[in-house]
Structures are given as C-alpha cells and as structure tokens.
Amino acid sequence: LQTSAARRAQFSSPFTPFARDLPIAPELAPVSGKNGVDVYDVDIKEGLAEILPGFETPIYGYEGVYPGPTIRARKGRPAIVRQHNQLTFDSNVHLHGGYVPAAHDGHPMDVIAPGASFDYTYPNEQDAAFLWYHDHAHGRTARTLYYGLVGTYLLHDEREEELELPQGEYDVPLVLADHAFNKDGSFRYAENVDLGFRGDTMLVNGAVSPRMAVQRRIYRLRFLNASNARSYELRLGNSRQMLQIASDGGLLEAPVARSSFPLHPAERIEVLIDFRSFKPGSEIVLQNVAADAGTTKSVMRFDVVDGGGAEEARMPRGRMRTLEKLPAPNATHRWDLSLLTQGGVQWQIANRGFDPNRIDVSTRLGTSELWQWHNPSNRVHPMHLHGMLYRVVERSSGVVHPGERGWKDTVGVLPGEDVTVQPWFVPYEGRYVFHCHSLEHGDKAMMLQLEVT
Ligand code: C2O
Ligand code: CU
C-alpha cells in the first residue's frame, strides 16, 4: 500500500472524539435480479479513505471503500456475489454466519488469484441475521481485515416485518474496530503481534469515535466487532437500558434488557434503543467499559434531535421466535486452546495447528455434538465455526446469559474458562473450518477442519 503523496498536515494523537458524523456504508445495488436471483459485482482493490479529517488513509477495500458496501438480502432469494480480485496477492471472501455450501464458503485454502474472479453463491435460506463478509486467505487475515476487507450483509425475512422492527435509516449497522495511525494518517500495524493486535483509536464505520444524530424514535443498532483482537464491554453513558433482540444467528426467542454487554471479535449483537424517552439536546455516549479499554473508552455519541414523523416501529414484547430443537449430541470433544512458543509463536487447538491436508472432526449431516473449549491461556479466544450455527450450552464462569442463548457462530472463551457449545451440522455437506477469530491467532494456525458427510 502506498501512502498518499497529498498529505496535508501531521496527524497528532489523541484525536478529538465526536468531531465527525457517523458514516453509513453505501448499499450495494444488484447488477441484475433476473429469475429471482440478485447478482452483485464487487471489486476487491486498493483505495484511499478519509478516516482522519484531512488525511487519506491507504486501505484495501471491497469497491475500494472501508467498511465495504452493505449487501441487503432476503430469505428465500438467492444472491450471487461476483468478486474480482484486483489486488496483487490472493484473496477470497467468507460470509461469516451464513449457511453457505462449502465451495462458496471462503475456506482459507480456496483463494482467488490476482486478476481472477469468483461467483460466490449464497442461498439465503436461513432466518434473518446480521452477517458479514471478509477476506479469509490463510495466514494473512489479520493484515487484510485490518486494512479494510470487511463488509456487512443484512439478511431480512418476513418475521422481522411482523414484529415491526425499525427499517431503513433506523436500522443501522455499526462496524467497530480499534486502529492505530502513523503521523501521515496511514494505518499502523505492528508485525509482531502474535498475542493479538490492539489499537489506541476507536473507529465506528471508518470514523474516529463519531457522533450520530438520532430522532426521538426507536432505532435498531447492529453492532459488529470487526477488531483484530479487542473485546468490548458496551454501555450507554447514562446506564440506560438497551433491548437486545438478536445475536450472531438472528433473533433471540425473546428480547433481553441489558445495561451493558460484551462483544468479542466477530460477534454481533443487535439492540433496540427507544430514544423517545430522551430530551432533545441530550447527548448519550456509548462507552467501552472493558478493563483494558484505555483510549478506546469513548466509542461514539448519540445526539438526540427533535423531529421524526409517526413511529412506525415498536418494541417487541414476549416471544419473537421459536428456536429449532437440536438432535441429542452423539459425541463430546474437549479441546485445549493454548500457546506453543518453541520455535516461534503458534496458537493451537488440542495441541494441533492448522493442516489443510488433515480432517480433525468428521460428522454426519443433521447430527450434533458437544464441543468443549478449555482456555488455559491469558487471552480471550473467540471461537468461530464456518457454515453452521451452534448454541452455547455451558460456561464454567457462571450461567449462560439469556442474550447468548440464541443461535451463535462465535463465542468468547475467557481466560481460565471452559465453554461448551452444541453445533448442529446442517444444512450442507463438505469441508469447513473452525478457528479462533482473534485474527493473529487464526493466522498462526489456531484452526482445525471439520468434514460433514
Ligand atoms: Cu469471520 Cu473464519 O471467519
Ligand atoms: Cu485465540
């Protein structure tokens, strides 16, 4: 990546928060919608983003922007996303949280060569959920995601409409990531960050701790932690309650009122906030109150303004969805998540590192198992399974929070903790991976393979 020659001044840290309005990623329009299939066209390329006012930050971006354009899909309507790799190195695209056939999943060894293209077919047969897409070429994701290869994919369905959830401009994806900058405004990424990179500057949708004007209505805020390795604990400054309606795999069975919630790398949480109860002119800061927050404490600010017509959304009460019952588990695995330091850093699962030529778990389509992750290390390991979803069954540190009892694809395993999940091996056969989503850990081999037959 080339630093822009047109640098105008020297960026000095710390940056003033709340100086810029929250940017909203552009929505991608399909190039065709024939035969009930939406076809999209995306260039994976270098770009320049104005992240710090007056500076151009070199990035890698879908369509050259960061975060990449939002794709809005609908259950029952397949999409084909035609990705053109215009970078000088291999890339590929993983639809994180999607039920996707193995050949279209973005397995780390399945890459698009520079100059080549691939049509990713997404059946969109699962319930509404907040998915995201990102690069997944093996050994490089910490770098490519940090430099911008991240976008949101919002899958909608009828159930959401029945519930009258906020739509359009009141349905807001928020991509959180911590970064660091060089004096010329370019991203700074340290190379020896085997334990996981942490930045000192908080970005939401590619702006430093932005502000967002909100009308006195109900908003659906969709939080994605797209950070390399930072975990957040998010709270509104006045400790007002947020109503959590969804997690990784879509709606919960019933909404859960929370005054704060953790968000580990790759996890999503959706909340409703009813701004009708706030006075115009009030400013509410969203804070990261995690113990290691440092200078990432001020995430963004909501500025309540008057206005807005009649409310079209409502706050759901009672049951929103009935989760499918899982078949009884027919095996139990217990895996240690640990660090091997002889001969360079390697993170491991059950004393193994990623080997694309080895299958670590074989299962039958339609069955389920119990997977227990034991974390003897002093780092959080957000464990992610491709192409399928699971339920969190048990946490040795206490009860499983109701906000974590829906379908999940990523779960934060805390230092010293045992977390048991129950994956359901549906809906496709094939070879998938599961790995730590602390990106430097995944790149350093903290990944195994699953084959469903
Ligand atoms: Cu979000 Cu294997 O990835
Ligand atoms: Cu890890």
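Residues numbered from 1 in each chain as written. Chains lettered and ligands numbered in written order. Predicted model: local features only at pLDDT ≥ 70, side-chain atom pairs only at ≥ 80, totals over all residues. Heavy atoms only, no water.

Draft legend 1. Focus on empty space enclosed by the protein. Within the structure shown, the criterion is met by four cavities of 30 Å³ or more. The space that makes up the largest cavity amounts to roughly 60 Å³. Surrounding the largest cavity, His134, His136, His138, Thr141, His435, His437, Leu439, Gly442, Asp443 and Met447 form its lining. Among the elements that take part in the lining of the largest cavity, helix H3 (residues 439-443) stands out by supplying three residues, more than any other. Its residues assigned to classes, the lining of the largest cavity comprises two nonpolar, seven polar and one charged. (1 Å grid on protein atoms, 1.4 Å probe; cavity = no way out; pocket = protein on both sides within 12 Å on 5 of 7 lines; lining within 4 Å. Points joined across faces, edges and corners; volume = space filled by probe spheres on them. Helix = DSSP H or I, 4+ residues; strand = E, 2+ residues; numbered from the N terminus. Nonpolar A, V, L, I, M, F, W, Y, C, P; charged D, E, K, R; others polar.)

Draft legend 2. Region of the structure containing the domain arrangement of the protein. Looking at the protein, the domain boundaries give domain 1 (34-157), domain 2 (168-304) and domain 3 (332-452). Contacts between domain 2 and domain 3 engage 22 residues on the former and 25 residues on the latter. Together, Asp194, Leu195 and His264 form the three largest contributors to the area buried by domain 2 at its contact with domain 3, with a combined 29%. For Asp409, the salt bridge goes to Arg268, with nearest N and O atoms at 2.7 Å. (Domains from an automatic or database assignment. Contact = heavy atoms within 4.5 Å. Buried area = accessible area lost by both parts, 1.4 Å probe. Salt bridge = Lys/Arg side-chain N within 4 Å of Asp/Glu carboxyl O.)

Draft legend 3. Local environment of the layout of surface pockets. In this structure, the largest pocket occupies an estimated 530 Å³ of space. Ser231, Pro262, His264, Val380 and Leu414 are, among the 32 residues lining the largest pocket, the residues nearest its centre. Listed by contribution, the elements that provide at least two residues to the lining of the largest pocket are strand E14 (232-236), strand E17 (260-263) and strand E18 (268-274). Taken together, the residues of the lining of the largest pocket break down into 11 nonpolar, 10 polar and 11 charged. Taken together, domain 2 (168-304) and domain 3 (332-452) each give at least three residues to the lining of the largest pocket, which thus spans both.

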